[in-house]
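Now for the letters of each chain:
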There are 2 protein chains.
Amino acid sequence: MEGIVNFSAGPSALPAPVVARIRDDLPDWNGTGSSVVELSHRAGPFMALASGLEAHLRRMLAVPESHRIVFLQGGAQMQFAAVPLNLAGEGGPACYVDTGAWSARAIAEARRYCRVHVAASSGADGYRSIPPRAVWEVPPDCAYLHYVANETIAGVEFAAEPESGGVPLVADMSSNILSRPIDVARFGVVYAGAQKNMGVSGLTVVIVREDLLDCAHPLTPTVIRYAAQAEADSMANTPCTFAWYVASLVLEWIDDEGGLDAVAERNRRKAERLYRAIDASDLYSNRIEPASRSRMNVSFELGDDALDPTFLAESERAGLVGLKGHRSLGGMRASIYNAMPVQGVERLVAFLEDFERRHG
Amino acid sequence: MEGIVNFSAGPSALPAPVVARIRDDLPDWNGTGSSVVELSHRAGPFMALASGLEAHLRRMLAVPESHRIVFLQGGAQMQFAAVPLNLAGEGGPACYVDTGAWSARAIAEARRYCRVHVAASSGADGYRSIPPRAVWEVPPDCAYLHYVANETIAGVEFAAEPESGGVPLVADMSSNILSRPIDVARFGVVYAGAQKNMGVSGLTVVIVREDLLDCAHPLTPTVIRYAAQAEADSMANTPCTFAWYVASLVLEWIDDEGGLDAVAERNRRKAERLYRAIDASDLYSNRIEPASRSRMNVSFELGDDALDPTFLAESERAGLVGLKGHRSLGGMRASIYNAMPVQGVERLVAFLEDFERRHG
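Residues numbered from 1 in each chain as written. Chains lettered and ligands numbered in written order. Predicted model: local features only at pLDDT ≥ 70, side-chain atom pairs only at ≥ 80, totals over all residues. Heavy atoms only, no water.

**Let's talk about the overall build of chain A**
Of regular secondary structure, chain A possesses 9 helices and 14 strands. Based on the C-alpha atoms only, the size of chain A along its principal axes is roughly 60 × 55 × 30 Å. Out of the 360 residues in chain A, the part that is buried amounts to 64%. For chain A, the accessible area works out to roughly 12,800 Å², and carbon and sulfur atoms hold 51% of it. (Helix = DSSP H or I, 4+ residues; strand = E, 2+ residues; numbered from the N terminus. Buried < 20%, exposed > 50% of the residue type's maximum accessible area, 1.4 Å probe, protein only. Areas by Shrake-Rupley, 256 points an atom, 1.4 Å probe, with all protein chains shown as cover.)

Spelled out as structure tokens, the structure:
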């Protein structure tokens, strides 16, 4: 059998050269005589890695001078609390667009800290599309407008950054950061857990516009207070040094692959290939409105649910793992983040066709 | 030159067999076809690791049924906020013993959430000792009594768990957890960042008495709410899977070394050997009252500060790294956590003696 292809939704596959490099760097990283995780975060070699990581990410995403980058822990769900705590102060309301399960979780958490206004929701149609911008109700006095750039469960993605109508725009980009260029200047805050496109769990990137640093609620814990971490170069507490290290390797790999534009083009082609195969088949279907389909998480159903266990068993035997859909939705899901090679998608398409011939 | 000996205060040296195992497990962990960090935390193999880790830690520390174990992120400094948020509710006061820089930070953070009463402080004598229990003022209505079991900067450690006088006892054991057996039943909460004695940064262990789960302030973020994480088996957010994996390897290594009692005895001998060498010399001195000396972090000063750069340069050339004291205190510090072999301490003692002969 060829190697395993890992379609896990997150934590998810790393680029093979990154895994090889992690192995090669053990037990002696960069001539330090230790592995990277055994060094103090304040030791010279790690400080160099840290500042290199910040500079590299700033260059790759063209983060303007007006924005700070901080590296935190706790993933997007820590940010579901940190965003209202940092930005809504004791005022509000905060405004949210509801396009799926992660939006709903972000909204539920925000309601604990401030008044929340839902600008628009696609919940009524089962989260099959992004509500058109024209129908959003965004109060002009709201503290910020939050959306989830890609919903991993159903596989729904904003094709472009929405207009915020003058209020700070906040995006959870956990599942599509670094999958294509973005215009950071348009955002108040961009945040993302690293475990899909930037490495491993334990690192959350927060890019925050400088003028938003001083609005925090007094009960915001110091280690998630953006101003405190910006001031401390993200070392107000001991960082998850392994996740920072892996992120630095992932950024190098993106450069080696031709940079963000090249990776974005490959992602576009991978998703197109897979949706085309699903749309062309009589057995598989994808329920998301085409313009809102995710390039990162491609969900599909088999015409007959009773076939699901057979599909999963056979795909696993073929070396295609992690295809089971999220437990809340059922069906199948192929997560095809940056690290998924074109070849992995081709193997899945070949399997889909073969399975349909035999069971369709 | 023999290998490097890493005296870093944290993140710090891992046991050599653990580093070797991490390398061997790349790129295919346990026949999954992926490295452990590429698997979903909800995938079967990782869920097995997670429940094994909880069970192993429970067995090793003899955690009673009355206590839950949760695994969080953000280190002890996240807990400096999480403890008052979870335990003081909107009441208080919280009571703290001040025995060093980490105590002071915990107190400063707690003051943001509740009234704080300082039961006793050794600040006036420069944190050279633990204030005797008899002089502590613990209000009987306080929400909890907090202390830092080991202060890494000066190197001050509680020789045994103090009496709490009937209020929930809370200890930051970040720098001495698993260095010796403890009586968990005596605690309301024990917490510890993993990056000294339990592996790598990105994991914080919190052991909490079940009846304290329901006192949280309403503004406690879900991912640091003990009750929410206990309910979710510590997966209310995506955990730092690498740190959980390394912790599981460290616990196996402790078993291989003969268990907690054997490790504790070795730690006692290592510290005794080093303090004896310091006390016997005319060049080096340790300023901590003997009964309060840390077995984990041994600080020492050279009679003449001007010798410090020479000492650091020569020790580094001898393969002894990470000996520079914390920037707030100066001098030298040897951190000799569980992973430090007796041989590492012997090499340091030999170097100390040789350096003194040449420069004393």
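**Remarks on the confidence of the model for chain A**
Across chain A, the average pLDDT comes to 96, with 99% of residues at 70 or higher. Interface predicted TM-score (ipTM) for the complex: 0.97; the corresponding pTM is 0.98. (pLDDT = per-residue confidence, 0-100.)

**Observations regarding the pattern of salt bridges**
Residue and element names in this part refer to chain B. Summed over the entire model, instances satisfying the criterion amount to 41 salt bridges over all chains. We note a salt bridge from Arg358 to Glu314, for which the minimum N-O separation is 2.7 Å. Taken together, the residues span a long stretch of sequence, with Arg358 in helix H9 (residues 342-359) and Glu314 in helix H8 (residues 308-317) at a distance of 44 residues. Between Asp354 and Arg358 there is a salt bridge; the shortest N-O distance is 3.1 Å. Of this pair, Asp354 and Arg358 both sit in helix H9, separated by 4 residues, roughly a single helical turn. Residue classification places Asp354 among the partly exposed residues on the basis of a relative accessible area of 29%. (Salt bridge = Lys/Arg side-chain N within 4 Å of Asp/Glu carboxyl O.)

**Some details on the packing of aromatic side chains**
Inspection of every chain in the model, using the stated rule, returns 27 aromatic pairs over all chains. A ring pair is formed by A:Phe300 and A:Phe311, whose centres lie 5.9 Å apart and whose planes are at 75°; its orientation type is edge-to-face. Separated by 11 residues along the polypeptide, A:Phe300 in strand E12 (residues 297-302) and A:Phe311 in helix H8 (residues 308-317) bring together distant segments of the chain. Here the two residues A:Phe300 and A:Phe311 agree in accessibility, since each one is buried. With a centroid separation of 5.7 Å and an interplanar angle of 70°, the aromatic rings of B:Tyr96 and B:Tyr144 are classed as edge-to-face. Within this pair, whereas B:Tyr96 is found in strand E3 (residues 94-98), its partner B:Tyr144 is found in the loop between strand E4 (116-121) and strand E5 (145-148), the two being separated by 48 residues in sequence. On the basis of relative accessibility, which here comes to 1%, the residue B:Tyr96 falls in the buried class. Cluster of aromatic residues (ring-pair linked, three or more members): A:Trp29, A:Phe242, A:Tyr245, B:Trp29, B:Phe242 and B:Tyr245. (Phe/Tyr/Trp six-rings, centres within 6.5 Å; stacked < 30°, edge-to-face > 60°.)

**Notes on the sheet that holds strand E4 (residues 116-121) of chain A**
All names here are of chain A. Taken in spatial order, the 7 strands make up an open sheet running E2-E10-E9-E8-E5-E3-E4, and their pairing is mixed. In this open sheet, the two edge strands, each paired with only one partner strand, are strand E2 (67-72) and E4. The mean inter-strand angle of the sheet, taken between neighbouring strand axes irrespective of direction, is 20°. Relative to E4, strand E3 (residues 94-98) runs parallel, the two sharing 5 bridges. Bridge pairing links Ala94 to Val116 in E4. Along the sheet, helix H2 (residues 44-60) contacts E2 and strand E10 (204-209); its crossing angle with E2, the most-contacted strand, is approximately 130°. (Pairing = 2+ DSSP bridges. Axes fitted to C-alpha atoms, helices over the stretch in contact; angles between N-to-C directions. Contact = heavy atoms within 4.5 Å.)

**Thoughts on the environment of A:Met296**
Its location among the elements puts A:Met296 in the loop between strand E11 (284-285) and E12. Considering only alpha carbons, one finds A:Met296 and A:Asn338, 42 residues apart in sequence, at a separation of 8.2 Å.

**Describing the interface of chain B and chain A**
Opposite the 54 residues of chain B that make contact, chain A presents 54 residues. Between chain B and chain A lies a buried interface of about 4,300 Å² when both sides are counted; carbon and sulfur atoms form 54% of it. When the buried area of chain B at its contact with chain A is split by residue, B:Arg23, B:Glu38 and B:Leu219 rank highest and sum to 16% of it. On the surface where chain B and chain A come into contact, there are 0 salt bridges. (Buried area = accessible area lost by both parts, 1.4 Å probe.)

**Description of the relation of the copies chain B and chain A**
Overlaying chain B on chain A yields an RMSD of 0.0 Å, the required transformation being a rotation through 180° with an accompanying axial translation of 0.0 Å. In the structure described here, the two chain copies are related by an operation that fits a two-fold rotation axis. A share of 100% of the interface residues of chain B reappears at the interface of chain A, consistent with the copies meeting face to face through the same patch. (Least-squares fit on C-alpha atoms with pLDDT ≥ 70 in both.)

**Focus: the pairing of E12(A)**
All names here are of chain A. Here E12 lies mainly inside the structure; 5 of its 6 residues are buried. Here E11 runs beside E12; their pairing, made up of 2 bridges, is antiparallel. Its bridge partner being in E12, Tyr284 is matched across the sheet by Leu302. Sheet analysis places E12 next to strand E14 (residues 332-335), joined by 4 bridges and oriented antiparallel. Pairing of Val298 across the sheet is with Ala334, part of E14.

**Describing unusual backbone geometry**
Of the consecutive residues A:Gly10 and A:Pro11, the connecting peptide bond is found in the cis state with omega at -10°. A positive phi angle is found at A:Leu178, which is not glycine, with a value near 65°. Turning to its location among the elements, A:Leu178 is positioned in the loop between strand E8 (169-172) and strand E9 (189-193). A positive phi is found at B:Asn30, a non-glycine position, where the angle reads about 55°. Here B:Asn30 shows up in the loop between helix H1 (16-24) and helix H2 (44-60). Look at B:Asn30 and you get exposed, because its relative accessible area is 57%.

**Section: the side chain of A:Glu157**
Residues and elements named next belong to chain A. One can find Glu157 in strand E7 (residues 156-157). Since its relative accessible area comes to 2%, Glu157 is described here as buried. Here Arg295 takes part through its backbone nitrogen, which lies 2.7 Å from a polar atom of the side chain of Glu157. Residue contacts for Glu157: discarding those within four places in its chain leaves Ile130, Ala149, Asn150, Asn176, Arg180, Ala291, Ser292, Arg293, Ser294, Arg295 and Met296. (Polar contact = N/O pair within 3.5 Å; in protein donor to acceptor, adjacent residues only side chain to side chain.)

**A word on the environment of A:Phe242**
For A:Phe242, the position within the fold is in helix H6 (residues 241-256). With relative accessibility at 5%, the residue A:Phe242 sits in the buried group. Those residues in contact with A:Phe242 that sit more than four places away from it in its chain are A:Ile22, A:Val37, A:Val200, B:Val37 and B:Phe242.

**Topic: H6(A)**
Residues and elements named next belong to chain A. With 16 residues, H6 ought to run about 22 Å at 1.5 Å a step, and its terminal C-alpha atoms sit 23 Å apart, in line with that. Counting buried positions along H6 yields 13 of 16 residues, so the element is predominantly enclosed. Just beyond H6, the residue with positive phi is Gly258, at close to 110°. (Expected span 1.5 Å × (residues − 1).)

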